[in-house]
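Breakdown of the fold
Below, each chain spelled out in residue letters.
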Amino acid sequence: MYGLGILKGMGVTLKHFLDTYIEDLRFLGKGKRTDVAFNLRQGGRNQRLGLFTVEYPEEKIAVPERFRFIPFLVINNLDAEEDAGKIWCTSCGICAKVCPPQCIWIVRGTDPETGRPKPEPEEFYIDIDICMNCGLCAEFCPFDAIKMDHDYELASYDRTTHHIFDKARLSKEFRYWRSIAPTISAEEAEARGGWEHKDVLKEKAKASRAADKAAGAS
Ligand code: SF4
Ligand code: SF4
């Protein structure tokens, strides 16, 4: 029959419309705007009932652990006993090479005494307007030094340099990475052999060998 499809479509819309009110009653007194309620009502096909709108920005749905937005650089915790605030990036340049839109720019640091390159970036920039959030930089980094962030509220009116993030703006403490990705960070730590970064462990082993050697010589 001509127009049957339209009627069916309107029927579905009407059903969702009514479901909204029925669902509101179901959540009455249980906190219908809590994280749990958001997940149920905006979640998978079997959970989603009614036309439920999250009133962003006043309300926000928690993002899943593997959600990825702009990358950030991991640094040691600022209150760490050793190497507080040390950046994990060794300036190897792999992330800049694999980045499809080429929006990472790194300036490798040099030792002021010897003039030789050192495994640390002097400058590190990401143009977040160009970044397409693919996560390849984080996938390919051999040092777990760059991770995908959850912070998606980065809009601004500035059209010039505001969205070119520098090293200071990109750097975040390791505890932040653990807080937004507890499972992934634990898996990575297990693969590395501990919560400390392998470079820190290597430095410690080197220092201990040097101390042993010095003790042996005296
Ligand atoms: S791949 Fe990792 S260690 Fe290498 S430059 Fe990029 S962030 Fe730094
Ligand atoms: S997420 Fe993708 S596009 Fe963005 S900086 Fe990393 S590699 Fe480049």
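Check the entry above for the structure.
The following refers to the structure shown. (Residues numbered from 1 in each chain as written. Chains lettered and ligands numbered in written order. Predicted model: local features only at pLDDT ≥ 70, side-chain atom pairs only at ≥ 80, totals over all residues. Heavy atoms only, no water.)

**So, the sheet that holds strand 3 (residues 117-127)**
- Taking strand neighbours across the sheet as the criterion, the three strands line up as 2-3-5 in an open arrangement whose pairing is antiparallel. A strand with exactly one partner marks an edge of an open sheet, and here the two such strands are strand 2 (104-110) and strand 5 (164-165).
- Strand direction decides the pairing type here: strand 2 and strand 3, joined by six bridges, are antiparallel. Across the sheet, Val-107 pairs through a bridge with Glu-123, a residue of strand 3. (Pairing = 2+ DSSP bridges. Helix = DSSP H or I, 4+ residues; strand = E, 2+ residues; numbered from the N terminus.)

**Observations concerning the nonpolar core**
- Ile-104, Phe-124, Ile-126, Ile-146 and Trp-177 are the most contacted members of the largest nonpolar core, which totals 32 residues.
- Listed by contribution, the elements that provide at least two residues to this core are strand 1 (71-75), helix 3 (94-98), strand 3, helix 4 (136-140), strand 4 (146-148) and helix 6 (174-180).
- A total of four residues in this core trace back to one element, the largest contributor, which is strand 1. (Core = buried A, V, L, I, M, F, W, Y, C linked by side-chain atoms within 4.5 Å. Buried < 20%, exposed > 50% of the residue type's maximum accessible area, 1.4 Å probe, protein only.)

**Describing the site of ligand 2**
- Taken together, 13 residues surround ligand 2, and among them Cys-99, Cys-131, Cys-134, Gly-135 and Cys-137 come closest.
- Class assignment for the residues of the shell around ligand 2 results in eleven nonpolar, two polar and no charged. (Near = heavy atom within 4 Å. Nonpolar A, V, L, I, M, F, W, Y, C, P; charged D, E, K, R; others polar.)

**Comments concerning unusual backbone geometry**
- In the segment running from Tyr-56 into Pro-57, the intervening peptide bond is cis, with an omega of 10°.
- Not every positive phi belongs to a glycine, and Gln-102 is a case in point at roughly 55°.

**Side note on a nonpolar patch on the surface**
- A contiguous nonpolar surface patch, about 580 Å² in accessible area, is contributed by Met-1, Leu-4, Ile-6, Leu-7 and Met-10.
- Residue position: Leu-4 is located in helix 1 (residues 4-26). (Patch = residues over 30% accessible without salt bridge, like charges linked within 9 Å, V, L, I, M, F, W, Y side chains within 5 Å. Areas by Shrake-Rupley, 256 points an atom, 1.4 Å probe, with all protein chains shown as cover. Salt bridge = Lys/Arg side-chain N within 4 Å of Asp/Glu carboxyl O.)

**A closer look at the pattern of salt bridges**
- In the structure shown here, the tally under the stated rule is ten salt bridges.
- Residues Glu-23 and Arg-26 are paired through a salt bridge, measuring 2.8 Å at the closest nitrogen-oxygen approach. With a gap of three residues between them, Glu-23 and Arg-26 both fall in helix 1, about one helical turn apart.
- Take Glu-23: its relative accessible area is 6%, and that puts it in the buried class.
- A relative accessible area of 44% places Arg-26 in the partly exposed class.

**With respect to the environment of Asp-212**
- Along the chain, the position of Asp-212 falls in helix 8 (residues 198-217).
- Separated by 204 residues in sequence, Asp-212 and Lys-8 place their C-alpha atoms 81 Å apart.

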